[in-house]
Amino acid sequence: MANVFAFAEARGGELRKVAHEAVTAARQLADATGGGEVHVLLVGPEGIAATADSLGAHGADVVHVCEHAGFTHANPEAASALAAELLKRTGARAGVFPASSQGRDIAPRVAAKLGVGLVSDVTEVSVQGDAILAKHPAYTGKVVATLAISGTPALVAVRPNVFTPKPAPRTVRVEREQPVGDPSASRVVVKETKTGSRAKLDLSEAPVIVSGGRGLKAAENFKLVEDLAQAFGNAAVGATRAVTDDGWRPHSDQIGQTGRVVSPDLYVAVGISGAIQHLAGMRTSRTIVAINKDKEAPIFKIADYGIVGDVFEIVPALTAAVQAARNRKA
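Because the structure is predicted, anything quoted here is derived from the model rather than measured.

A.B. asks: When you look at the pattern of salt bridges in this model, what are you seeing that I'm missing?
C.D. replies: Between side chains of opposite charge, a pair can form when the charged atoms approach closely. One pass over the structure, following the stated rule, counts 23 salt bridges. For Glu21, the salt bridge is made with Lys17, and the minimal N-O distance between the two is 2.6 Å. A residue pair is termed a helical-turn pair when its members lie 3 or 4 positions apart in one helix, as Glu21 and Lys17 do in helix H1 (residues 17-32) at 4 residues. In this structure, the salt-bridge partner of Arg89 is Glu177, at a minimum N-O distance of 2.9 Å. With a gap of 88 residues between them, Arg89 in helix H3 (residues 76-90) and Glu177 in the loop between strand E12 (173-176) and strand E13 (208-212) connect regions that are remote in the sequence. Taking the relative accessible area as the measure of exposure, Arg89 reaches 44% and is therefore partly exposed. What you see here is one network of salt bridges that share partners, running through Glu9, Arg11, Arg16, Asp202, Glu205 and Arg260.

Here is the structure:
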């Protein structure tokens, strides 16, 4: 039996979906190595411990909670120091982090502190003999490499929306932890957090993403994409790099090799030709629907469903149909 470590990401005092995904992957590895314990690190402001039972419901045996005002906002320096210390103390065979913006900041720091390697953007984990196997898309998603990690601990950062959180109820044990050093002494201090007038659904957690490209012709036409996303009710809006470079959308909406990597249940590509850099960020989506007037657009090669036609005619009709379907279910 071998213990496995997981980092539970939280924001604003609440767990994020990727926290449960990381614990699910850790439980999978622990069971594959003979049923060891899953130790989870949870950091945040006072009161974050109340979410520990939720982690136990997804397979955590022990939740190490560190409540400190210095963890009110993301604090990669302090979080990575505590994560590295716990990995050593628990003798974990592997450590699982989310490949989210926060996880991508923390995991490499932990790897550097421990002097071990890290495989990021992992879509599948398993055990073969003494090695941890991790599947990782390479060459902009053209191939999937299977990497054998023989070192200990084997660190992986799992792609959001790939490891579906699964119920695995455990009698969770909560252990209080003290931070390593002073979290308030971080070199980066968040003074204020501002959000838009309407809270946006995070791209990494959205089950449905509607993305727009240059085929929309102008920034104001992105309202078609926004309306379709609103019709679904649980959708986020994404964009290609060309669109964000032109200032039509904020760079936080960019999906692709140099932007966000997503794997939603449904990805709707509106006016997107399908440059390889964009495909690298969304090709693992469970279902892909492409709408483009060019029947030779590369996006159709990976789409599950394709509609060849004018987005200015098709998208409003699709929006009306989605809204009507939702109204019938209401």
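A.B. asks: What's the story with the packing of aromatic side chains in this structure? I'm lost.
C.D. replies: How two aromatic rings sit relative to each other is given by the distance of their centres and the angle of their planes. Under the criterion given, the structure shown has 2 aromatic pairs. Centroid distance Phe5 to Phe97: 5.8 Å. Interplanar angle 50°. Geometry classified as tilted. Placement of Phe5 in strand E1 (residues 4-8) and of Phe97 in strand E6 (residues 94-98) is noted, with a sequence separation of 92 residues between them. Of the two residues, Phe5 and Phe97, both sit in the buried class. Residue classification places Phe97 among the buried positions, given a relative accessible area of 0%. Site record: aromatic cluster; members linked through ring pairs are Phe5, Phe7 and Phe97.

Criteria and thresholds
- Residues numbered from 1 in each chain as written.
- Predicted model: local features only at pLDDT ≥ 70, side-chain atom pairs only at ≥ 80, totals over all residues.
- Heavy atoms only, no water.
- Salt bridge = Lys/Arg side-chain N within 4 Å of Asp/Glu carboxyl O.
- Helix = DSSP H or I, 4+ residues; strand = E, 2+ residues; numbered from the N terminus.
- Buried < 20%, exposed > 50% of the residue type's maximum accessible area, 1.4 Å probe, protein only.
- Phe/Tyr/Trp six-rings, centres within 6.5 Å; stacked < 30°, edge-to-face > 60°.

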